[in-house]
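Secondary and tertiary structure notes
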Amino acid sequence: MTSDRFPVTPVSRRRVLQATAGLGALGALGATRTSAFAAPDEQGRTAAVIGTGFGGSVAALRLGQAGFRTTVFERGRRWDIRKDGNTFPSIRNLDGRASWFAGQVSLGGPAGVPVAKYPGLLDQVKGNGIDSVYGAGVGGGSLVFGAFTSTPRKQDFEHVFPGGTDYDGLLREYYPRVLKMLNASKLPADILAHPNYVGARSWAKTVRRYGAQLRTFEYAVDWDIVRAELAGRATPSFSIGEMGFGANSGAKNSTDHNYLPAAERTGNVTIKPMHEVFEIRPRGNRPGFIVKARQIDNQNRTVRVVTADVDYLFLGAGSFHTTRLLVEARAKGHLPKLSGKIGDGFGANGDFLTARTGLTDDYGPVQGGPGYGRFYDDDFSGGPVSMVYHSTPLPAPGGKLLTTNLIQVFSPERGTIDYNRSTGSAVLNYPFAEHSSILDRRGNAFANHFARRAGGVPIVSRLAGFGSASTYHGLGGVVINKAADLNGSVHGYDNLYVVDGSFMPGEVGLVNPSLTIAAIAERTMDRFVATH
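All of the points below concern the structure found in this document. (Residues numbered from 1 in each chain as written. Predicted model: local features only at pLDDT ≥ 70, side-chain atom pairs only at ≥ 80, totals over all residues. Heavy atoms only, no water.)

**Digging into the pattern of salt bridges**
- Evaluation of the coordinates by the stated rule reveals 26 salt bridges.
- A salt bridge links Glu 264 to Arg 78; the shortest N-O distance between them is 2.9 Å. Of this pair, Glu 264 sits in helix α8 (residues 259–265) while Arg 78 is found in the loop between β4 (69–73) and β5 (93–94), placing the two residues 186 residues apart along the sequence.
- Its relative accessible area of 33% is what places Glu 264 among the partly exposed residues.
- Taking relative accessible area as the criterion, Arg 78 reaches 32% and is therefore assigned partly exposed. (Salt bridge = Lys/Arg side-chain N within 4 Å of Asp/Glu carboxyl O. Helix = DSSP H or I, 4+ residues; strand = E, 2+ residues; numbered from the N terminus. Buried < 20%, exposed > 50% of the residue type's maximum accessible area, 1.4 Å probe, protein only.)

Okay, here's the thing in structure tokens:
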């Protein structure tokens, strides 16, 4: 698909300055219906996976390797990397590819940039009190994440996860497994030394002036492609901080580059893009589920309805959408035995997004990405805090004006995903207002504390799209050891599992959650395969 099929929306420098800091129902009538039932020789060995983000991708691969005939439903489209460097939209020239049928792209603040309606990358769930952002497409959230694959510290992980989650086992086996699958590694020294990465070097200097130790970590990035970008042989993406809408160079190691192709190569896994699940029911005569999905076109019209009859169902549609499907199924009487705790425990991972202007250090005319290291302050009043640098994709020389940081704190505040009977659908409720919540107070306090010691002027207002106005890291809804057991089995129904961010207890421990979601999904699938 080429962008000339859309009216491209040029974005003013003012909007880019504001925006880029924040990036780091059945439809048409007359749809036909088709059914896909398990063949007799596959009885007991069929599965469906909903969603292709980190958890869904893990589930698809491990089911395929174990010999389960698996159908993977993904509501979004495939985003194959094009040779002309035009797979994804650009922050400077936005079009419908940026947004999931919304007709606009939210770039921070109350106003959005108008675009054509299209099955684009970012789905911004408008909640009561917070917005939660998800990826749409084959690869799910891995298409739009910042490529940060951070392992939490043991003390931070154990502060939020229940006993028995076994951090040591994850650290020994599953974190390394995911890092290997994603080909994740630290920012190489030669790239760090490049002029485009003066911002990363300056961040290290800023952290030293604050008095902390910078901790580097892995990114799911193909650094050879980034080298090609810097040499002019590949479309500039990471090298200019452009990765929030995907990476046109192909340097982002999203799951459509690793887990999902490996799943398809098993011969047991079929991925169905543009298939949006809308109903889940239990089988009537034996354990298993009937899953209905509508195949949609680029105008969100229903082409046909597909029915899958499977023995096992794995939910990986993202924290809100996985929980939404279950909340709605319970309320409509399709899955009445689900736990009353389904929908509880939604958290923002302790995220507090800030921009910093009035910079003391030179962050360069262009900020190469994705970022560089985080530090912890374990002595800050109220408990530990972490802060990480995220490159800001400002056109040159705008990189000198502003940079982006994500502060993460512990917060006990949790919202809910509830059924709204007037609309017949689920809604996100997060009743914690700006300045009055623990997350806002602690995040704001640390942003100002950091500025006093290290320089710069923090921007934290929700009106500008900062603070805790929205999160890419919404977690919870089918929480471990509450709505599901430690092995991901959802209470109330046999053969129903959760493998995505909805399983997390609202936060993962002062880091970005993608690696932990995938690692726990790997363990869930190991335990499933071992017993089935």
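**Quick notes on helix α9 (residues 319–331)**
- With 13 residues, α9 ought to run about 18 Å at 1.5 Å a step, and its terminal C-alpha atoms sit 18 Å apart, in line with that.
- Among the 13 residues that make up α9, eleven are buried, leaving the element largely enclosed by the rest of the structure.
- When α9 is considered as a whole, its buried residues turn out to be Ser 319, Phe 320, His 321, Thr 322, Thr 323, Arg 324, Leu 325, Leu 326, Val 327, Glu 328 and Ala 329.
- Within two residues after α9, Gly 333 carries a phi angle of roughly 85 degrees, on the positive side. (Expected span 1.5 Å × (residues − 1).)

**Brief notes about the sheet that holds strand β25 (residues 496–498)**
- Judged by pairing direction, the sheet is parallel, and its five strands sit side by side in the order β12-β4-β3-β16-β25 without closing on themselves. The strands lining the two open edges of the sheet, one partner per strand, are β12 (269–272) and β25. Between one strand axis and the next, the sheet turns by 15 degrees as a mean value, whatever way the strands run.
- Here three bridges tie strand β16 (residues 312–315) to β25, and the two strands are oriented parallel to one another. In the strand pairing of β25, Leu 315 is matched with Val 498. (Pairing = 2+ DSSP bridges. Axes fitted to C-alpha atoms, helices over the stretch in contact; angles between N-to-C directions.)

**Describing empty space enclosed by the protein**
- What the largest cavity holds in volume is close to 60 Å³.
- The residue inventory of the lining of the largest cavity, partitioned by class, reads four nonpolar, five polar and two charged. (1 Å grid on protein atoms, 1.4 Å probe; cavity = no way out; pocket = protein on both sides within 12 Å on 5 of 7 lines; lining within 4 Å. Points joined across faces, edges and corners; volume = space filled by probe spheres on them. Nonpolar A, V, L, I, M, F, W, Y, C, P; charged D, E, K, R; others polar.)

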